[in-house]
Amino acid sequence: MESLYNPKGVEERWQRTWEEEGHYRADPDAPGEQFSIALPPPNVTGNLHMGHALNASTQDVLVRAHRMRGFNVLWQPGYDHASIAVHAVIERQLLAEGTNRFELGREAFVERTWRWLEEYGGIVIGQLRRLGASLDYSRERFTMDDDYIRAVLRFFVHLHERGFVYRDNRIVNWCPGCSTAVSDLEVDHLDVDDALTTVRYPLADGSGSISVATVRPATILGDAAVAVHPADERYSDLIGKEAIVPYTERRVPIITDDRVDPAFGTGALKITPGHDATDFEIGRDAGLLDLTVIGLDGRMNENAGDLAGMTQEDAEGRIFEWLRQHDQLEKRESYRHSVGHCNRSKDRIEPLITEQWYVEMREMAAPAIAAIREGRVRFTPENQASVALDWLENIRPWNVSRQLWWGQRIPAWYCADRHVTIAETEPSACAECGSMELSQDEDVFDTWFSSALWPFATLGWPDQTRELETYFPTDVLSTGRDIIFLWVTRMMMAGQELTGEMPFHDVIIHSIVLAPDGRRMSKSLGTGIEPDDLIAEHGADATRYGLLKMSSTQDVRFSAGFIEEGRKLANKLWNVSRLILANAQGVTPEARPQTIEEEWMIARLDAAHTQIAESIEGFEFARLAGVLYRTTFDDFCDWYAEAAKPRLYDRDSDALATALALLERLLTYLHPIMPHVTEEIWTTFPGRQGRLIRSPWPEPDGRFADTQPRFEEIQNAAEIFRRSGAVIELDEDQLRIFDAVVKPDRVRTDGDPSAEIERLRQEITRAEGMLANKRFTERAPADVVEAEREKVARYRRELEALGG
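Structural notes, computed from the coordinates. All figures in this text were calculated on a predicted structure; none of them were measured in a lab. (Residues numbered from 1 in each chain as written. Predicted model: local features only at pLDDT ≥ 70, side-chain atom pairs only at ≥ 80, totals over all residues. Heavy atoms only, no water.)

## Let's talk about helix H22 (residues 675-683)
What counts, and what does not: Three labels apply to residues, based on accessible area from a 1.4 Å probe with only protein chains included: buried if under 20% of the type maximum, exposed if over 50%, partly exposed otherwise in between. Secondary structure counts use DSSP, requiring at least four H or I residues in a row for a helix and at least two E residues in a row for a strand, with both numbered from the N terminus. The criterion used for residue contact is that any of the two residues' heavy atoms lie within 4.5 Å.
For H22, a buried count of eight out of nine residues is recorded, marking the element as mostly surrounded by other parts of the structure. If you check which residues of H22 are buried, you get Pro675, His676, Val677, Thr678, Glu679, Glu680, Ile681 and Trp682. Against helix H1 (7-20), helix H2 (50-68), helix H6 (123-131), helix H17 (540-550), helix H18 (560-581) and helix H21 (653-670) lie the buried residues of H22.

Shown next as structure tokens:
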């Protein structure tokens, strides 16, 4: 082994070797119980961000551990076509060239997109390789593959045949910059400084006026009513009357609705169904006119009369002028509020009524609700199940169409009479009138519509393939909470609807990694940290370890300290392995313990075996990293190896055989988190055949649990000595280990046992006082309370050892 560990060279070599030797490859005909995960498909245009890196590290731990335990494993890679993100990139290029997609034309735009993707797309897959993700890269899938498109079209036609698909004019998030409706996920809500304008609406009967506050005066032209809360006594005598809309001088009713917030503005709300989601719902319920006065380009449209073609700002200027002339502008005041912006174009979202394709979801939601309630689909952490249930139980129709050109085109054809024919392949004639003059719908599907099929379309559905039979349903889905609604629940509904089964039985909702200062990671904010940079500086193993160590059930702040801890752990393991392997030529690994430290280390590995299994089964990855760190750094390197070092240097055959067996077992446990350094060390064993990645998971020994108390006496003695210089009595064998590890002869000290006894008594009194406080034991996190109990037990052991 090299004297210094070089992560870059080692990791690149093993990433290449594992893949070339086929260790990642899944075989549906191989023996063993199935275990499969479908990697959440990253954006084809994107890079590996911190969330991807944490999520991939989480999944790779599960995949590698199950592979070593003899499971027939598939970890399915791929990426989605990211309609809006791709459009944003290509349209920026076209704009720089002085043109746009409409001038270019649909066919040329799509051709250009494919050429761009061939050069720049799918970068994230290479980044996952550098992280050491053991995906079956030979099975890489793309949501624009021909077979995948066929699956998406089958899904839509199936939903149409079930009566779930319809077209409707409803309010949507419209992005003028992207020229399409966008999903809630693609909307960033940003605080902006605006003006709240209070306007007097005259009563039609001439008896006075009602004042209304608005932040969007340009939409006054689309007002269809004035609404007040039914319990608001200020306006009880106005209900049922008519008000006159300023500028248009149109009469509208004054109505009541529970959705009006009496505390906003004057408590009277202008109802503009064409430009506000809540107003749209109120308008539908009250049978109001849907009038849109802002067009798809964000400018005033033909319904705005003499303001048509103006920007909203210019139109507002004209409206203010009119209000002042008619003495109807009551006041304007500063107002800060949250406004939706497209996260691609950064344009302000326009709530607009447009005709879109919708899918009715309530019937499909029922089986997903039942699966969660009955525990057939489990969420970790458990509280995320209620988040999914709340959305499913209040589910709304899904707008599945997008006004874009890159994506799976909606398989609907129209004749001259606007009859609609829906089919998987282009029909020869209109299904209703027989006309052969047909044109296809211009829209494409929402990217999430195709992603809903990911766990089974990647396995060949709608064909009954061997892969689908073997690996579906998958076992685990790991993702972020921001797409529980948009993706997780929709996969559940699609899976049950199309295959009769839930697509997975466990859902891990991983932490969101924030910047060190608690803000979200963002290039534009200057808070982004790239996983590739961490890998280049510290290595993939250290990066994986650090991300897992900082993960939790809550959002976490990024800590470079955990990455550094992973690097130090890899170096420590490397150096101690060199010590053992330097003297082990011709030795076969075999546990032949002759000393207390060897028996104790076997017992420590047995204890770690149980904790590792619990951590993996419970998806507690931070706990897993902590167990492996303590077992490796503290137990194996600092205690066992130091105590065994003299016998190893003397080439004691029993010591060397046992050391190799212990190291072999430790490497196996470490491999899922730190695969590269462990494989490199494993391969240098004398006469080693085969790879660690395919090595069987070890079984516990079980013979030496009774050595723990005796060894703990040594550790207590070491802790007391290091803290106070006090020396306690040990037997000869214990003293040998104490001297080897603590090296007391190198420390000048005037130990004072009496002072240490007094300190321990005070610590016990303090800790017992905390544990006697019900407010602490009931309100503090369980791990904090347990840590305090462990302190009391340790202090008592140390006090007893000192004779106190």
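## A short note on the pairing of strand S23 (residues 506-509)
Note the threshold: Any two strands are treated as partners once DSSP identifies two or more bridges connecting them. By the criterion used throughout, a crossover qualifies as right-handed when its path from the first strand across the helix to the second strand runs clockwise, the strands pointing away from the viewer.
Burial along S23 is two-sided: Asp506 and Ile508 and Val507 and Ile509, pointing in opposite directions, are all buried. Inspection of the sheet shows strand S15 (residues 378-380) paired to S23 by three bridges, in the parallel sense. Among the inter-strand pairings, arginine 378 is bridged to a residue of S23, identified as aspartate 506. When strand S22 (residues 476-479) meets S23, the two strands line up parallel, connected through four bridges. Note that in S23 the partner of leucine 477 across the bridge is valine 507. The parallel pair S22 and S23, bridged by helix H15 (residues 484-499), forms a crossover whose chirality is right-handed.

## A word on empty space enclosed by the protein
Note the following rule: Definitions used throughout: a 1 Å grid over protein atoms alone; a cavity as a set of points that fits a 1.4 Å probe which cannot get out; a pocket as an open set with protein on both sides within 12 Å along at least five of seven lines; a lining residue as one with an atom within 4 Å of a point. Grid points are joined across faces, edges and corners, and a volume is the space filled by probe spheres set on the points. Three residue categories are used. Nonpolar comprises Ala, Val, Leu, Ile, Met, Phe, Trp, Tyr, Cys and Pro, charged comprises Asp, Glu, Lys and Arg, and polar comprises the others, including Gly.
Throughout the structure, instances matching the rule amount to one cavity of 30 Å³ or more. Of the volumes computed, that of the largest cavity is approximately 30 Å³. Ala38, Pro455, Thr474, Val476, Leu477, Trp487, Met491 and Phe504 together form the lining of the largest cavity. Of all the elements in the fold, those that place two or more residues in the lining of the largest cavity are S22 and H15. Along the lines of polarity and charge, the residues of the lining of the largest cavity split into seven nonpolar, one polar and no charged.

## Here we look at the sheet that holds strand S19 (residues 420-422)
If you trace the three strands from one edge of the open sheet to the other, you get S19-S18-S20, paired in antiparallel fashion. Strands at the two margins of the open sheet, each flanked by one partner only, are S19 and strand S20 (439-440). Where strand S18 (residues 412-414) lies against S20, two bridges are found, and the strand directions are antiparallel. The residue of S20 that forms the bridge with tyrosine 414 is serine 439.

## With respect to the sheet that holds strand S8 (residues 209-214)
The line we're drawing: Axes, fitted as lines to C-alpha atoms, cover a helix only where it is in contact. Angles between the N-to-C directions of the axes lie from 0 to 180 degrees.
Within the open sheet, the three strands sit side by side as S8-S7-S13. Their pairing is antiparallel. Single-partner strands in this sheet number two, and they are S8 and strand S13 (329-342). Strand-to-strand twist across the sheet, computed as the mean angle between neighbouring axes with direction ignored, equals 20°. Relative to S13, strand S7 (residues 187-202) runs antiparallel, the two sharing 13 bridges.

## Focus on the nonpolar core
One recurring pattern in soluble globular proteins: nonpolar side chains tend to sit buried together. Selection rule: Nonpolar core, defined: a set of buried Ala, Val, Leu, Ile, Met, Phe, Trp, Tyr and Cys residues in which side-chain atoms within 4.5 Å join the residues together.
Counting 126 residues, the largest nonpolar core has Leu62, Leu128, Ile612, Phe636, Ile673 and Ile681 as its most contacted members. When residues in this core are grouped by element, the largest group, 15 residues, is from helix H20 (residues 621-649). Beyond its immediate chain neighbours, meaning those up to four positions away, leucine 128 contacts Leu39, Leu48, Ala56, Ala133, Leu135 and Tyr137.

## Quick notes on the pattern of salt bridges
Put simply, the rule reads: A side-chain nitrogen of Lys or Arg and a carboxyl oxygen of Asp or Glu constitute a salt bridge if their distance falls within 4 Å.
Within this structure, the stated rule accounts for 67 salt bridges. Note that aspartate 29 is salt-bridged to arginine 466, the shortest N-O span being 2.7 Å. Highlighted residues: aspartate 29 in the loop between H1 and strand S1 (34-38) and arginine 466 in helix H14 (residues 466-471), separated in sequence by 437 residues. Take arginine 466: its relative accessible area is 37%, and that puts it in the partly exposed class. Several salt bridges converge on common partners, so that one network encompasses Asp168, Arg170, Glu281, Arg284, Asp290 and Arg396.

## Some details on the packing of H1 against H22
How we decide: In what follows, roughly perpendicular refers to angles from 65 to 115 degrees, roughly parallel to angles under 35, roughly antiparallel to angles over 145, and oblique to any angle outside these ranges.
One way to put it is that H1 packs onto H22 with a least axis distance of 9 Å and a crossing angle of 80°. The pairing of H1 with H22 is recorded here as roughly perpendicular in orientation. Side by side, H1 and H22 meet where Val10, Glu11, Arg13, Trp14, Gln15 and Trp18 of the first sit next to Pro675, His676, Glu679, Glu680 and Thr683 of the second. Along the lines of polarity and charge, the residues of the contact of H1 with H22 split into four nonpolar, three polar and four charged.

## Points about unusual backbone geometry
Proline 462 follows tryptophan 461 through a cis peptide bond whose omega is 15°. Structurally, proline 462 is set in the loop between helix H13 (454-457) and H14. Residue proline 473 is reached from phenylalanine 472 by a cis peptide bond, and omega for that bond is 0°. Within the secondary structure, proline 473 sits in the loop between H14 and S22. One non-glycine residue, serine 179, adopts positive backbone phi at about 60°. Relative to the helices and strands, serine 179 resides in the loop between strand S5 (165-175) and strand S6 (180-182). Classification of serine 179 by relative accessible area gives partly exposed; the value is 24%. Backbone geometry at lysine 743 places phi at a positive 50°, although glycine is not the residue there. Relative to the assigned elements, lysine 743 resides in the loop between helix H24 (732-742) and helix H25 (753-772).

## Here we look at a positive patch on the surface
Condition: Surface patches are drawn from residues lacking salt bridges whose relative accessible area is over 30%; two like charges belong together within 9 Å, two nonpolar side chains (Val, Leu, Ile, Met, Phe, Trp, Tyr) within 5 Å. Only the protein chains shown count as covering a residue, and every accessible area follows the Shrake-Rupley method with a 1.4 Å probe. Working convention for charge: Lys and Arg count positive, Asp and Glu count negative, and His plus the chain ends are omitted. By convention, the charge on Lys lies at NZ, on Arg at CZ, on Asp at CG and on Glu at CD.
Together, Arg92, Arg344, Lys346 and Arg520 make up a positively charged patch on the protein surface. Following the sequence through the fold, arginine 92 ends up in helix H3 (residues 83-96).

## Observations regarding the packing of helix H23 (residues 708-724) against helix H27 (residues 782-801)
Direction vectors running N to C along H23 and H27 enclose 85°, while the axes themselves pass 10 Å from each other. With respect to each other, H23 and H27 are oriented roughly perpendicular. Together, Glu712, Asn716, Glu719, Ile720 and Arg723 of H23 and Arg794, Arg797, Glu798 and Ala801 of H27 make up the contact between the two elements.

## Things to note about the side chain of serine 401
Threshold: For this analysis, a polar contact is any N or O atom pair within 3.5 Å, provided that within protein one partner can donate a hydrogen and the other can accept it, and provided that sequence-adjacent residues contribute only side-chain to side-chain pairs.
Following the sequence through the fold, serine 401 ends up in strand S17 (residues 401-402). For serine 401, the side chain forms a polar contact with the side chain of glutamine 356, separated by 2.7 Å.

## Overview of the environment of serine 653
Its place among the elements puts serine 653 in helix H21. Taking the C-alpha atoms as reference points, serine 653 and valine 587, 66 residues apart in sequence, are found 7.4 Å from one another.

## Comments concerning the packing of aromatic side chains
Worth spelling out the cut-off: Geometry of aromatic contacts follows a simple scheme: Phe, Tyr and Trp rings, the Trp one being its six-membered ring, pair when their centres are within 6.5 Å, and the pair is stacked under 30 degrees between planes, edge-to-face over 60, tilted otherwise. Put simply, a charge is over a ring when the Lys NZ or the Arg CZ is close to the ring centre, within 6 Å, and near the line of the ring normal, within 35 degrees.
Taken as a whole and judged by the stated rule, the model has 32 aromatic pairs. Ring geometry for phenylalanine 264 against tyrosine 335: centres 6.0 Å apart, planes inclined by 70°, an arrangement best described as edge-to-face. With phenylalanine 264 in the loop between strand S11 (251-256) and strand S12 (268-271) and tyrosine 335 in strand S13, this pair connects stretches of sequence that are 71 residues apart. The class of phenylalanine 264 is partly exposed, set by a relative accessible area of 24%. By relative accessible area, which is 26% here, tyrosine 335 ends up partly exposed. For lysine 549, the ring lying beneath its charged end belongs to tyrosine 629, and the centroid distance is 5.3 Å.

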